[in-house]
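Commentary on secondary and tertiary structure
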Amino acid sequence: NLAMSSSKSQVAPYLYFIEDSLKGIESSVGICERLFGSPIPPTYTRHLSRIMSLWLLLLPVSLVSSIGPSSTTVITTTLAAYVFVGLDEVGMEIENVFQLLPLQ
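Below: a short report on this structure. (Residues numbered from 1 in each chain as written. Predicted model: local features only at pLDDT ≥ 70, side-chain atom pairs only at ≥ 80, totals over all residues. Heavy atoms only, no water.)

**So, the overall build of the protein**
- Looking only at helices and strands, the protein has four helices and zero strands in total.
- A total of 104 residues make up the protein; the buried ones form 10% of that total.
- A total accessible area of about 8900 Å² is found for the protein, and carbon and sulfur atoms account for 70% of it. (Helix = DSSP H or I, 4+ residues; strand = E, 2+ residues; numbered from the N terminus. Buried < 20%, exposed > 50% of the residue type's maximum accessible area, 1.4 Å probe, protein only. Areas by Shrake-Rupley, 256 points an atom, 1.4 Å probe, with all protein chains shown as cover.)

**Some details on the packing of aromatic side chains**
- Taken as a whole and assessed by the stated rule, the structure comprises one aromatic pair.
- Centroid distance W55 to F84: 5.1 Å. Interplanar angle 70 degrees. Geometry classified as edge-to-face. With a gap of 29 residues between them, W55 in helix α2 (residues 42–67) and F84 in helix α3 (residues 71–95) connect regions that are remote in the sequence.
- Under the relative-accessibility criterion, W55 is labelled partly exposed at 43%. (Phe/Tyr/Trp six-rings, centres within 6.5 Å; stacked < 30°, edge-to-face > 60°.)

**Focus on the pattern of salt bridges**
- All told, the structure shown has one salt bridge when counted by the stated rule.
- A salt bridge links K23 to E19; the nearest nitrogen and oxygen atoms lie 3.9 Å apart. Taken as a pair, K23 and E19 lie in helix α1 (residues 2–37) at a separation of four residues, close to a single helical turn. (Salt bridge = Lys/Arg side-chain N within 4 Å of Asp/Glu carboxyl O.)

**Observations regarding α2**
- Here α2 spans 37 Å end to end across 26 residues, near enough to the 38 Å set by a 1.5 Å rise per residue.
- If you look at α2, its biggest bend is around 30 degrees, right at L58, and the proline P60 turns up within four residues after that.
- Check the buried side of α2 and you find it contacts α3.
- Positive backbone phi, approximately 90 degrees, marks G68, located one or two places after α2. (Expected span 1.5 Å × (residues − 1). Bend = angle between axes of the 7 residues up to and from the residue. Contact = heavy atoms within 4.5 Å.)

**Topic: the side chain of T73**
- For T73, the location among the structural elements is in helix α3.
- Reaching out from T73, the side chain makes a polar contact with the backbone oxygen of G68 at a distance of 3.3 Å. (Polar contact = N/O pair within 3.5 Å; in protein donor to acceptor, adjacent residues only side chain to side chain.)

Here is the structure:
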C-alpha cells in the first residue's frame with residue numbers, strides 16, 4: 001500500500017502539468033476559431049486598392065515632371081506597379097490563411 005501511495009504521489013504532478021497543458025491548447029484553439037470566424041471588413045481591402053491605384057496612376061506624372069519623359073519613367077512605373085500589386089495580393093492571401101491550409 002505504501003509503495004502504491006508513493007507512486008501515485010509521483011504521478012500526480014505530471015497529471016496536473018498535462019491537464020494545464022491541455023487547457024492551454026484548448027484556449028489557443030478557441031482563439032483561432034474566433035479569428036477564423038471574424039472576417040476583415042471588405043472596406044479596408046477596397047480602400048487600400050483604391051489608394052494604391054491612384055498612387056500608381058499619378059506616379060508617371062510625378063516622374064515625368066522630375067526626370068522628364070524617358071524610358072526610365074516607364075520602367076520605374078512598371079516595376080513599382082508590379083511590386084505594389086504583388087504585395088496587395090500577398091496581403092489578401094494572408095487574410096484568408098485558413099483556406100490555404102489543408103485542415104478540412
